[in-house]
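Single-letter residue listing:
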Amino acid sequence: MRGLSTIAFDADDTLWHSERAFRLTEERFAALLADYVEVDGLAQRLLETEKRNLQYYGFGRKGFVLSMIETAIDVTDGKVPTTVLKALIDLGRDMAEHPIEILPDVRETLEAVAERYRILLITKGDLLDQEQKLARSGLGELFQAVEIVSDKSPLTYQRIFTRHGDGPERSMMVGNSLKSDVVPAIEIGSWGIFIPHPLTWAMEHAEPPKDAPRFRQLERIGELGHLLAEIDR
């Protein structure tokens, strides 16, 4: 029972681009409100609204759209036209149809890792939205299990790695978020592999774990095979 048996992957901005669709929508949000308010500071107001709403709507596109609508009402003191609110709803639909663009080396890496390890997908957000993105990605058949969760905590990883693997100590989590993918996995004794993405939501920022022997940072997912050969001889 030595060595790794289970490798889990995050989805958004680890396997495919996601955050840039949110950034593009945020730019369109500012453009829609430019005739009614000063757009300087608007992004911060939206972020503050998103933070407040996480406990009600969770992570993902639907909560983001509702937060845009709430922010638009707040910053205009309720004077925002219904035409703008309708346009914000339409932006949410546009996001749902945004093309899924797989990041470089992803499929090849997943296929190679799956030859030796049990591979899982662990992603958080709205269930329907994440299911649709996974289906459109064409990667779903590569995973032995898929877990779509409301949040990622040490308890979440403990449960998943026990249910689908051989426990946390023989498991690894790979993702672009230190806060959600790496730190909580390391806290329960798993490996945490950080692969930064050029665009990362402010709510996912965290400091790298210090003095954590099971923490590694890679520049791209294609380096994972070499890392596994090094640490799991």
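Above: the structure in question.
Described below are features of the structure shown in this document. Because the structure is predicted, anything quoted here is derived from the model rather than measured.

### Remarks on helix α3 (residues 61–75)
In a regular helix each residue adds 1.5 Å, so 15 residues correspond to 21 Å; α3 covers 21 Å between its end C-alpha atoms and thus fits that length. Those residues of α3 lying buried are Arg61, Gly63, Phe64, Val65, Ser67, Met68, Ile69, Thr71, Ala72 and Val75.

### Here's the deal with the environment of Leu47
Considering the arrangement of structural elements, one finds Leu47 in helix α2 (residues 42–57). Assessed through its relative accessible area of 12%, Leu47 is described here as buried. The spacing of Leu47 and Thr156 is 109 residues in sequence and 25 Å in space, taken between C-alpha atoms.

### Focus: the side chain of Thr200
Mapped onto the elements, Thr200 comes out in the loop between β5 (191–194) and β6 (215–217). For Thr200, a relative accessible area of 16% puts it in the buried group. A polar contact is formed between the side chain of Thr200 and the backbone oxygen of His197, at a distance of 3.3 Å. With residues up to four places along the chain from it excluded, the contact list for Thr200 reads Glu19, Arg23, Asn176 and His205.

### Examining the pattern of salt bridges
The tally for this structure, following the rule as stated, stands at 20 salt bridges. Between Asp90 and Lys86 there is a salt bridge, with the nearest N and O atoms lying 2.9 Å from each other. Of this pair, Asp90 and Lys86 both sit in helix α4 (residues 82–96), four residues apart, which is roughly one turn of the helix. Here Asp181 makes a salt bridge to Lys152, at a shortest N to O gap of 2.7 Å. Here Lys152 lies in the loop between β3 (145–149) and α7 (154–164) and Asp181 lies in helix α8 (residues 178–187), a separation of 29 residues in the sequence. Here Lys152 falls in the buried class, since its relative accessible area comes to 6%.

### Details of the packing of helix α1 (residues 19–33) against α4
Where α1 contacts α4, the two axes come as close as 11 Å, and the packing angle between them is 165°. Taken together, α1 and α4 sit at an angle that is classed as roughly antiparallel. Every pair of crossing elements has a handedness; the one defined by α1 and α4 is right-handed. Contacts from Ala21, Phe22, Thr25, Arg28, Phe29, Leu32 and Leu33 in α1 reach Val84, Ala87, Leu88, Leu91, Asp94 and Met95 in α4. A class-by-class count of the residues in the contact of α1 with α4 yields ten nonpolar, one polar and two charged.

### Describing the packing of aromatic side chains
Applying the stated criterion across every chain yields a total of four aromatic pairs. Between the aromatic rings of Tyr157 and Phe161, the centroid separation amounts to 5.8 Å while the plane-to-plane angle is 20°, which identifies the pairing as stacked. Of this pair, Tyr157 and Phe161 both sit in helix α7, four residues apart, which is roughly one turn of that helix. One exposure class covers both Tyr157 and Phe161, and it is buried.

### A word on unusual backbone geometry
In the Ramachandran plot, Asp13 falls in the positive-phi region, its phi being about 65° despite a non-glycine side chain. If you trace the backbone, Asp13 turns up in the loop between β1 (6–9) and α1. The class of Asp13 is buried, set by a relative accessible area of 8%. In this structure, Asp211 takes a positive phi of about 50° despite not being glycine. Along the polypeptide, Asp211 turns up in the loop between β5 and β6. The exposure class assigned to Asp211 is exposed, which follows from its relative accessible area of 81%.

The rules we used
Residues numbered from 1 in each chain as written. Predicted model: local features only at pLDDT ≥ 70, side-chain atom pairs only at ≥ 80, totals over all residues. Heavy atoms only, no water. Helix = DSSP H or I, 4+ residues; strand = E, 2+ residues; numbered from the N terminus. Expected span 1.5 Å × (residues − 1). Buried < 20%, exposed > 50% of the residue type's maximum accessible area, 1.4 Å probe, protein only. Polar contact = N/O pair within 3.5 Å; in protein donor to acceptor, adjacent residues only side chain to side chain. Contact = heavy atoms within 4.5 Å. Salt bridge = Lys/Arg side-chain N within 4 Å of Asp/Glu carboxyl O. Axes fitted to C-alpha atoms, helices over the stretch in contact; angles between N-to-C directions. Parallel < 35°, antiparallel > 145°, perpendicular 65-115°, else oblique. Left-handed = near helix turned anticlockwise from the far one by under 90°. Nonpolar A, V, L, I, M, F, W, Y, C, P; charged D, E, K, R; others polar. Phe/Tyr/Trp six-rings, centres within 6.5 Å; stacked < 30°, edge-to-face > 60°.

The quantities given are spatial measurements derived from coordinates; they are silent on function.
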